[in-house]
Every structure is written in structure tokens, then in C-alpha cells.
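# Structural features, examined
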Amino acid sequence: HSLVEEYYTAAWTAFFSLIEPKTVEGKVAPKTSVNHLLKLLNKWKPVLAKFAKETDDQKRMLEGLTVCCGREPNFLPFAALMFNWLYNADLLEEDAALDWEKEAIKHPSEANAKMLKCAEGFLTFLKDSGEESDED
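Residues numbered from 1 in each chain as written. Predicted model: local features only at pLDDT ≥ 70, side-chain atom pairs only at ≥ 80, totals over all residues. Heavy atoms only, no water.

## So, the overall build of the protein chain
To keep it simple, the criterion reads: Going along the chain from the N terminus, every DSSP run of H or I of four or more residues is numbered as a helix, and every run of E of two or more is numbered as a strand. As a reference, a globule follows 2.2 Å times the number of residues to the power 0.38, and the radius of gyration itself is taken over C-alpha atoms. Burial classes follow relative accessibility: with a 1.4 Å probe on protein chains only, a residue under 20% of its type's maximum area counts as buried, one over 50% as exposed, and anything between as partly exposed. The contact definition used throughout considers only heavy atoms, calling two residues in contact when any of these lie within 4.5 Å.
The helix and strand inventory of the protein chain stands at 6 helices and 0 strands. Helices and strands appear in the protein chain in the N-to-C order α-α-α-α-α-α. Whereas a compact globule of 136 residues would reach a radius of gyration of roughly 14 Å, the protein chain reaches 14 Å, a difference of no more than 12%. Dimensions along the principal axes, computed over C-alpha positions, put the protein chain at roughly 45 × 30 × 30 Å. A burial count over the protein chain gives 40% of its 136 residues as buried. Sequence separation of at least 24 residues holds for 75% of the intrachain contacts in the protein chain that already meet a minimum separation of 6.

## Some words on a nonpolar patch on the surface
Inclusion rule: Patch membership requires more than 30% relative accessible area and the absence of a salt bridge. Residues of like charge join within 9 Å; the nonpolar side chains Val, Leu, Ile, Met, Phe, Trp and Tyr join within 5 Å. Residue-level accessible areas treat just the shown protein chains as cover; the underlying method is Shrake-Rupley with a 1.4 Å probe. Think of a salt bridge as a Lys or Arg side-chain nitrogen and an Asp or Glu carboxyl oxygen that are within 4 Å of each other.
A cluster of nonpolar side chains, contributed by Trp-44, Val-47 and Phe-51, occupies part of the molecular surface with about 240 Å² of accessible area. Inspection of the secondary structure assignment puts Trp-44 in helix H2 (residues 31-50). A relative accessible area of 39% means that Trp-44 is categorised as partly exposed.

## Focus: the packing of helix H1 (residues 3-17) against helix H3 (residues 55-71)
Heads up, the condition is: Fitting a line to C-alpha atoms yields each axis, with helices limited to the stretch in contact; the angle taken between N-to-C directions then spans 0 to 180 degrees. When an angle is under 35 degrees it counts as roughly parallel; over 145 it counts as roughly antiparallel; between 65 and 115 it counts as roughly perpendicular; any other value is oblique. Two helices that cross are described as forming a left-handed crossing if the nearer one is turned anticlockwise from the farther one by less than a right angle, and a right-handed crossing if clockwise. Residues are grouped as follows: Ala, Val, Leu, Ile, Met, Phe, Trp, Tyr, Cys and Pro are nonpolar; Asp, Glu, Lys and Arg are charged; all remaining types, including Gly, are polar.
The N-to-C vectors of H1 and H3 enclose an angle of 50°; their axes lie 7 Å apart at closest approach. By the angle between their directions, the pair H1 and H3 is classed as oblique. For the element pair H1 and H3, the recorded crossing hand is right-handed. Together, Val-4, Glu-5, Tyr-8, Thr-9, Trp-12, Thr-13 and Phe-16 of H1 and Asp-57, Arg-60, Met-61, Glu-63, Gly-64, Leu-65, Val-67, Cys-68, Cys-69 and Arg-71 of H3 make up the contact between the two elements. Residues of the contact of H1 with H3, tallied by class, amount to 9 nonpolar, 3 polar and 5 charged.

Structure follows, in C-alpha cells:
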């Protein structure tokens, strides 16, 4: 797709590869692995922020995460955490996440299906909070 997506695929692969203990697809990530990842992400947040300013860039970031987890299914236990962390770190806007969801549904693949499943709770939260805002 784009250079930005390729950057993110490589970045996510590098981040997840550094985490100990290793994770296994279908299992919950060990707490020590999650803590290690969060520490690493917080350290690199300023760099990630430089590439995630626009909605399209944020979608590419999620597409890169999808490609990364599609290639390395053992990284999937981190996927749900990543959506929440990116959103809470102000690196992912609601519109970008929901646009990514639409594209992932429109272009079915095994990787997209797995990532949509991982993001299900996060996407439901976004939609529910959006509906509450509309009612105000």
C-alpha cells in the first residue's frame, strides 16, 4: 500500500520481536510481556507520533499492524492491547479506527478477520461512546 504502512509493519515486527517472554497465538499475553511492550511503546511514542498525525496515516498504522500479525500470528495476543494503547496515547483517532474497520471488512482476508476479532471490544467501545456523544 504505502511506505508508511511498510514502516509500521517493520516497526510492529521489531517491537513485538523484542518482547520476552514470547507469546503464542490463541493465548493471553503474559503480564511481563505486556509490561515490557508498554515500556517499549512509551519510550518510542514520540517517534510513532511523527508518523500518525493524519487519519490516513493512522489507518496505515493499523494496516501495518494487521500485516505484522498476519505474518507472525504469535503477535496476535498483543493486538487488542495495541488498539487501546494507540487510542489512549492519542496516536489513533476514532475516525481512523472505524475507517480501518470498514476497509478490513471490505477486503476480507485471514489477517483482517483475526485483527477484527481482536479489535472487536475496542471498536464496540468507540461506536457506543460515539452514540452517547450524539445523544448529548
